[in-house]
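Okay, here's what each chain looks like letter by letter:
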Amino acid sequence: MIQKKVCMVGVFGTGKTSLVQQFVQSKFSEKYHSSVGVKIDRKVVDVNGSAVTIVLWDLAGRDEHEDVGASYLRGAHGVIYVADGTRKETCEQIADLRRVATAAAGPVPGLIALNKCDLVGDWKLSQADEEALRANGPVFRTSAKSGQGVEQMFLAMARVLVAPTQGAR
Amino acid sequence: MTGTHPVPDGAPLHDDGMPNAPSSTDDRVAEMSRLRALLLGPERSRLDEHEARFEAQVLTPEQLAEQLPEAIAMRARQDTQLGIALAPTVERAISESVRRRPGEFADAIFPVLGPAIRKAIAETMADLVASINRAMEHSFSPRGIRWRVEAIRSGVPFAQVVLRHALVYRVEQVFLVHKETGLLLAKAAPSDLAVPDADLVSGMLTAIRDFVGDSFTEDAAAGGLRAFRVGELTVMVEPGPHAMLAAVVRGEPAPEFHERVQATIEGVHAQFASALVDFDGDDTAFAPAQPLLDDLIVTVLDTDTPAGKAVDWRPVVVTLVLLVALLGALAVRASTRWDRVIGTLEAAPGFTVVRAERGWWQSEIRGLRDPDAEPANAIIAAAGGDTSRIVQRWEPYQSLAPAFVLARAARAVSGPADIEQLVREVRASRVLFEIGSAVPGAPGSAQIDAIAARLAALHARVSALGGEVEVALTGRADGTGTDATNAMLSQQRVDVVRATLDSAVSGVRFSARALGASAPVDDPDPATRARVNRSVSFDVRLLLPPPIRTLRE
């Protein structure tokens, strides 16, 4: 069995947790975020006929008081950065989060989930802003509410991880 | 220049125009090489040195064969890298060999396989015997019986009851976790326990270790979280350089278990050094670690501890022996007492025991009892029997023992109690006289009349039964006066009374004797003694016909 550790990071309130909620097998409750700062879930995806277990480390969101737990990023095979399309500042912090993650985990593959695509009408992002995000990795428009793009995003991550030559590593 | 050295073809001629002689050519060559030596000497020697060193470094196969064993031994002493490097090749070679020539391979490993199989069987048998022993111990110890009762009553399997009471510790889960990623490399659990989310648990365990480490220790190398308790569970974490071993233990793990966990994580690092370093999420390389983890899944009961804690039977045996002895003594005592009761009853006049049954609580006696016999309860109680626990059924009968025949006869002859009463009254009578007198006074005369009346009545009753009445009179005198006077006086007194009665009562035979003062009636008071001895007293005999014979008092 192939297992990969994938960390999810993002600013507080970008919907990381609800993004994965209905797509993963959860054992631990939300309260781990506020206590330990991380919640671990599992997502099994199929890549070219073989099952890959993505062990998702859903890190507590960054806010003005608390940075992301750098020690939880250690050993990650991949990082999913989550931004909220309706809040431009959450996108602006992706580059900084990437710097933190790279310092802890090394230059591992990363991708960006641009969340709340069901509210795309309310998005405060220009085309240029979205392009700027691509500098940090492939961007997937996702919606925790409708489920749109989520499966594809995890699958893309799994593909990158099991074929390391295609990734940044 | 000697000019004797030959000169090679095309060599430049000397400017003296002399023809090229061979000898001069040789000289030139020598000259040239001298020149070369002068000009290039140091470089040349360095070149030679390098050449020699180069040749020394390239080993011929012969030299390699010479040095290989020593080199392998040397490296193996240094570290495990050689083994790690050779392992894949050796494994491939072995599997190839097995695939191609399985027969030869089987022959080769047969000497190893035989003892290994025997050892495994022996160990299995030993385990089996041990578990049977434990089962037996559980079955027959007081504790085991108590547990069985509990198991039956509560409907819980016996094994679980034993586990609940005797459990020292039980290892319920073992995780081998890759330290950096928190990913699960291998896990083990008892067959009856499922661990569905081991990968999540191992991840969360790593996260919590990181969290605790970040929160409380500054030095990451200090080892971090090593153990924590959750209710009855202890989670032991033994970190190694690249992986950690987490054991979830119910109860109190013994120190030796901790040592085993340490030894296991060391073993894992030795065996999987490169796999741990190169780990990229594929846990298949760690499948061979499974037996190491399985070895840690143990259940230790306090009944497993051998000598010293064995059940001490001595108090139980002593108590039982005492109890049996006590019960035996009680039974013997009860039996002897019963025998004595029956024996006494059988020996008692007027009793015939027909049937005697002794029971644990109540006993029964049936038989015949003469109504004249003593009360049965009195006899039983005297013999030590408990009458309240003996049911008695006595049928009346007539015993032919002389005492009973006589008693019945006495009842028959005396009929109504008046005969005996009359006899008693006459016997108790005494006719008193004044000092020195042989003439009864007024009271004495009245007494004689009364006696006469009783004797008449007695005669009437006895003669009706065909018998006779004899009355013996005894005359006495007090101790004063001479013997002759006393003898005479007593004779006179008895004669007077006899004559009076003789005339008053017919059919009764009288006899008389005079004792003087020779056999006085005794009395502590001298005055009373003197008075009662101045008297005539009476004895009565009834003569009855056969078979009644003589009734004695």
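Residues numbered from 1 in each chain as written. Chains lettered and ligands numbered in written order. Predicted model: local features only at pLDDT ≥ 70, side-chain atom pairs only at ≥ 80, totals over all residues. Heavy atoms only, no water.

Q: Just to check I follow, could you spell out the overall build of chain B for this structure?
A: In terms of regular secondary structure, chain B is built from 17 helices and 13 strands. Counting across all 553 residues of chain B, residues that qualify as buried make up 29%. If you take every contact in chain B between residues at least 6 apart in sequence, the share linking residues at least 24 apart comes to 60%. Surface exposure of chain B reaches about 34400 Å², of which carbon and sulfur atoms provide 60%. (Helix = DSSP H or I, 4+ residues; strand = E, 2+ residues; numbered from the N terminus. Buried < 20%, exposed > 50% of the residue type's maximum accessible area, 1.4 Å probe, protein only. Contact = heavy atoms within 4.5 Å. Areas by Shrake-Rupley, 256 points an atom, 1.4 Å probe, with all protein chains shown as cover.)

Q: Whenever I open this one, the sheet that holds strand S12 (residues 509-514) of chain B confuses me. Can you help?
A: Sheet strands associate in pairs through backbone hydrogen bonding, adopting either a parallel or an antiparallel arrangement. Residue and element names in this part refer to chain B. The 4 strands are arranged S10-S13-S11-S12 in an open sheet whose pairing can be described as mixed. The two strands at the open ends of the sheet, each matched to only one other strand, are strand S10 (430-432) and S12. Each strand axis lies, on average, 20 degrees off the axis of its neighbour in the sheet, ignoring direction. Sheet analysis places strand S11 (residues 468-475) next to S12, joined by 6 bridges and oriented parallel. (Pairing = 2+ DSSP bridges. Axes fitted to C-alpha atoms, helices over the stretch in contact; angles between N-to-C directions.)

Q: What's the story with the pattern of salt bridges in this structure? I'm lost.
A: As a working rule, side chains carrying opposite charge can pair if their charged atoms are close by. Residues and elements named next belong to chain A. Scanning the entire structure with this criterion turns up 34 salt bridges over all chains. Here Lys88 makes a salt bridge to Asp129, at a shortest N to O gap of 3.5 Å. Separated by 41 residues along the polypeptide, Lys88 in helix H4 (residues 88-92) and Asp129 in helix H6 (residues 127-133) bring together distant segments of the chain. A relative accessible area of 34% means that Lys88 is categorised as partly exposed. Connected via shared salt-bridge partners are Asp84, Arg87, Glu89 and Lys116. (Salt bridge = Lys/Arg side-chain N within 4 Å of Asp/Glu carboxyl O.)

Q: It is not clear to me how the pairing of strand S6 (residues 110-115) of chain A should be interpreted in this structure. Could you clarify?
A: Each regular strand displays side chains that alternate between the two surfaces of the sheet. All names here are of chain A. A large share of S6 lies buried, amounting to 6 of its 6 residues. The two faces of S6 match: Gly110, Ile112 and Leu114 on one face and Leu111, Ala113 and Asn115 on the other face are all buried. As defined by bridge partners, strand S5 (residues 78-84) adjoins S6 across 6 bridges and the pair is classed as parallel. By the bridge assignment for S6, Asp84 is matched with Asn115.

Q: What's the story with the side chain of A:Glu130 in this structure? I'm lost.
A: Of note, A:Glu130 is situated in helix H6. Those residues in contact with A:Glu130 that lie beyond four places of it in its chain are A:Leu114, A:Trp123, A:Val139 and A:Arg141.

Q: Would you explain the packing of aromatic side chains in this entry?
A: The relation between two aromatic rings is expressed through the spacing of the ring centres and the mutual angle of the planes. Summed over all chains, the structure comprises 5 aromatic pairs over all chains. Between the aromatic rings of A:Trp57 and A:Tyr72, the centroid separation amounts to 6.2 Å while the plane-to-plane angle is 50 degrees, which identifies the pairing as tilted. In this pair, A:Trp57 sits in strand S4 (residues 50-59) while A:Tyr72 sits in helix H3 (residues 70-73), placing the two residues 15 residues apart along the sequence. Consider the rings of B:Phe351 and B:Trp394, whose centres lie 5.2 Å apart with planes at 70 degrees: the pair is edge-to-face. Taken together, the residues B:Phe351 in strand S7 (residues 351-357) and B:Trp394 in strand S9 (residues 390-396) connect sequence positions 43 residues apart. Each residue in the set B:Phe272, B:Phe279 and B:Phe286 is aromatic and connected to the rest through ring pairs, giving one cluster. When the ring centre of A:Trp57 is taken as origin, the NZ or CZ atom of A:Lys5, which lies over that ring, is 3.6 Å away. (Phe/Tyr/Trp six-rings, centres within 6.5 Å; stacked < 30°, edge-to-face > 60°. Lys NZ or Arg CZ within 6 Å of the ring centre and 35° of its normal.)

Q: Got a minute to help me understand the packing of helix H14 (residues 418-428) of chain B against helix H15 (residues 442-464) of chain B in this structure?
A: A packed helix pair is summarised by two numbers, namely the angle formed by the two axes and the spacing between the axes. All names here are of chain B. Orientation of H14 relative to H15, taken along the N-to-C sense of each, is 145 degrees, at an axis distance of 10 Å. Crossing of H14 over H15 shows left-handed handedness. Across the interface between the two elements, Asp418, Ile419, Leu422, Val423, Glu425 and Val426 from H14 touch Arg454, Leu455, Ala457, Leu458 and Arg461 from H15. (Left-handed = near helix turned anticlockwise from the far one by under 90°.)

Q: Even after reading the chapter, I still don't get the side chain of B:Glu238, so can you show me in this structure?
A: Residue and element names in this part refer to chain B. If you trace the backbone, Glu238 turns up in strand S4 (residues 233-239). The exposure class of Glu238 is buried, given its relative accessible area of 6%. A polar atom in the side chain of Glu238 sits 3.0 Å from the side chain of Arg226. When near neighbours in sequence (up to four residues on either side) are disregarded, Glu238 contacts Arg226, Ala243, Met244, Leu245, His258, Val261, Gln262 and Ile265. (Polar contact = N/O pair within 3.5 Å; in protein donor to acceptor, adjacent residues only side chain to side chain.)

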